[in-house]
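Understanding the architecture of this molecule
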Amino acid sequence: MKRFSIFQKLFLPAGVLLIMLGFYRCANVMAPTGGPKDVTPPAVLKCTPGNHSTDFKGNKFSITFDEYITLDKITQQLLVSPPMAELPAFRIKGKTLILQFKDKLKPSTTYSVFFGDAIQDITEGNPLHNYTYVFSTGSSVDSMSLRGQVVKAKDLKPVDNVLVMLYKNNNDTIALDSLPLRVKPFYVSKTDKKGNFIFSGLADTSYLIFALQDENYSMTFDQPTEKIAFLDSLVKPQYKPKPQIDSSLFDTITSLPADSIKLITDSLWHQADSLADAKLTLYKLYLFQEADTVQNLLSARLLRENTVQFVFTLPGKDVTIQSLNFHPDRLWHKSEWSKSGDTLLWFLRLPHPDTLNLLFLSGKDTLDRLDLRIIPKQKFIRRRKKNTPAKKEYLSWKSDIRGVIKPGQKIVLTFGQPVAKILPDSILLVQGKDSLYHPRFTFIDSLHRRLYFPVKIKDATSCLLYLPDSSVIDWNHFYNKKIRLSMHAKALKEYSDLNVDLQPSNSGNYIFEILNVSNEKEKPIAIRYFSGKTVFRFPRINPGKYQFKIIFDRNGNKRWDPGNYLKKQLPEKVIYFKGIVILRANWEINETWKF
């Protein structure tokens, strides 16, 4: 295979631009339309003192551009390393930006001023991306660089506008690992839309690296809801060679219009800079929010008529709730915890007061105490307006079936309150041309809210479940409106079969997920757990585009877990299959994944 030189790599895109310009010259002459939209960012013509200068004196520098500029969100985007107590002052004079420091500069120190996308041309708002001005107050400029990317730990999507911070191990009173919690960093950068970041002008030493989605602009990890990322080892910057372009390339474009020359030149320098960046080690940081470790009541509200919802930060196995103002001599509510164990529903029995005074305990510790109104606002208003007619109330219900019943899916009706009585004689199940009155059913939960009909639906068949008005009565004597649940089972040939051979290089606890590409929320259509080489078979999957995901379930709790900084525990690793898997109707697909 032939190897391309840097000259060839850089010349090819320039050649494409030249060809495009040639076609433009040969085009028919037409009436002027105002010209193409300006998409070129401002270019730096001169810095005073020069960028990367040494023995910096005074307290200000200036940057002159080739066009008039404006500053966008400069107070949010400007980052100075090492950080300063006060933000520098800045003003624009003509095409020149002047920045003046308010803090006294330290001797023999390399500073970098990162502008992000704040510098933009005044006409179209094109940003000069991640421009950095570097200078030293000593006799030499630190010349090392470091690059990386920040992605979400759970789905590996890039995250922008995240602070990436470096710390030197030079604090006599605070341990290195504690610095992100207590002091500002020595160097700071910020991620772009692709999650990328780069540091320039670094000293040749090792650093602790820490990323922070800073909620209060403190540059310290001091809020429990702030998302963070870190590595469990120190990082070392590298020397980045200066971008270079063969000068003969410029001889081929000297006859072009000035704006075309600028466009091609900017493109060449951008690609040369990218090639230089690519020689640096890429550090990847995985952003996450630490799990709550302290139990708290997050919310308490009336979810619907006679139903109260309590949400806690942690599973509420030690939580108790006491009513301080209502003590009837009968059962007046039933409780139901969510699968995750952090959400509790109370189903209230009538009669009950308008307000409950509640005390929340976790073990012997008091979590909260509050007065909770348990009468809907509309009903409270009607009580004040005696002539307002009351709205008829019915027993609510829902089903997970949405037209098509999936293979293996159960026919379950979930009612809004515990059911006290069912009148079965008029319940009707129609499948194809067959009708069945009083079909078998049973409750599958202790509160009698989930009513299951154990019926097998034939392929390519339509089905109707009909419950007439007042056939289901809850413990508050409310009854249902008529229920018509229509469903259809697709033919076998409309589905696809999938077999996945999973081959981990090491034994351990793993979670395998199949994701529908069209669902941005990453809700799995199938989940399996395994610990070694295995083959999973998934019959009757809807045709479509799918992605595979594996979670390295470090603690074997069958869910993804974030990390913990103080424990030096990284988030659980996730990986994705190399490509999209396309499933077609009436096909059987086999995939192998070695990891």
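Residues numbered from 1 in each chain as written. Predicted model: local features only at pLDDT ≥ 70, side-chain atom pairs only at ≥ 80, totals over all residues. Heavy atoms only, no water.

A few words on the overall build of the protein chain. Assigned secondary structure in the protein chain consists of six helices and 43 strands. The burial tally for the protein chain puts 42% of its 595 residues in the buried class. When contacts within the protein chain are restricted to residue pairs at least 6 apart in sequence, those whose partners lie at least 24 apart make up 67%. Summed over all atoms, the accessible surface of the protein chain reaches about 34100 Å², with 52% contributed by carbon and sulfur. (Helix = DSSP H or I, 4+ residues; strand = E, 2+ residues; numbered from the N terminus. Buried < 20%, exposed > 50% of the residue type's maximum accessible area, 1.4 Å probe, protein only. Contact = heavy atoms within 4.5 Å. Areas by Shrake-Rupley, 256 points an atom, 1.4 Å probe, with all protein chains shown as cover.)

Take the side chain of glutamine 547 next. Locating glutamine 547 in the fold gives a position in strand E40 (residues 544–552). Exposure remark for glutamine 547: the relative accessible area of 15% places this residue in the buried category. Setting aside residues up to four positions removed in sequence, glutamine 547 forms contacts with Glu513, Ile514, Leu515, Val517, Tyr576, Phe577, Gly579 and Ile580.

Here we take up the sheet that holds strand E23 (residues 355–362). Strand order in the open sheet made by the three strands is E20-E23-E24, with antiparallel pairing throughout. Two strands close off the open sheet at either side, each with one partner strand: strand E20 (319–323) and strand E24 (365–373). Geometrically, the sheet is characterised by an average inter-axis angle of 20° between neighbouring strands, direction not taken into account. The pairing of E20 with E23 spans five bridges and is classified as antiparallel. Paired with serine 323 across the two strands is leucine 358, which belongs to E23. (Pairing = 2+ DSSP bridges. Axes fitted to C-alpha atoms, helices over the stretch in contact; angles between N-to-C directions.)

Turning next to the confidence of the model for the protein chain. With 89% of its residues at a pLDDT of 70 or more, the protein chain shows a mean pLDDT of 89. Counting contacts from residues 1–33, a segment whose pLDDT is below 50, to residues more than four positions away or on other chains yields 31 contacts. (pLDDT = per-residue confidence, 0-100.)

On to the pairing of strand E10 (residues 144–152). Burial within E10 is extensive, with seven of its nine residues counted as buried. Bridge analysis of E10 against strand E13 (residues 196–202) gives five bridges, and the strand direction is antiparallel. Its bridge partner being in E13, leucine 146 is matched across the sheet by phenylalanine 199. Two strands pair when backbone bridges link them, and E10 and strand E16 (residues 238–239) are joined in this way by two bridges, in the antiparallel orientation. The residue of E16 that forms the bridge with methionine 144 is tyrosine 239. In the sheet, E10 pairs with strand E17 (residues 282–287) via six bridges, with the strands oriented parallel. Bridge pairing in E17 places lysine 152 opposite leucine 287.

Let's shift gears to the packing of aromatic side chains. A full pass over the atoms with the stated rule returns 35 aromatic pairs. With a centroid separation of 6.4 Å and 50° between ring planes, the pair formed by phenylalanine 61 and phenylalanine 135 is classed as tilted. Of this pair, phenylalanine 61 sits in strand E2 (residues 60–65) while phenylalanine 135 sits in strand E9 (residues 132–136), placing them 74 residues apart in sequence. On the accessibility criterion, phenylalanine 61 (2% relative accessible area) is buried. (Phe/Tyr/Trp six-rings, centres within 6.5 Å; stacked < 30°, edge-to-face > 60°.)

It is worth spelling out unusual backbone geometry at this point. For the bond from threonine 48 to proline 49, the omega torsion is -10°, close enough to zero to count as cis. Structurally, the position occupied by proline 49 is in the loop between strand E1 (44–48) and E2. Cis peptide bonds are those with omega within 30 degrees of zero, and the linkage from leucine 350 to proline 351 qualifies with -5°. Relative to the assigned elements, proline 351 resides in the loop between strand E22 (343–348) and E23. Of note in this structure, methionine 219 is not a glycine but carries a positive phi near 60°. Tracing the backbone through its elements, the reader meets methionine 219 in the loop between strand E14 (208–212) and strand E15 (228–230). The backbone of glutamate 522 shows a phi angle near 60°, a positive value even though the residue is not glycine.

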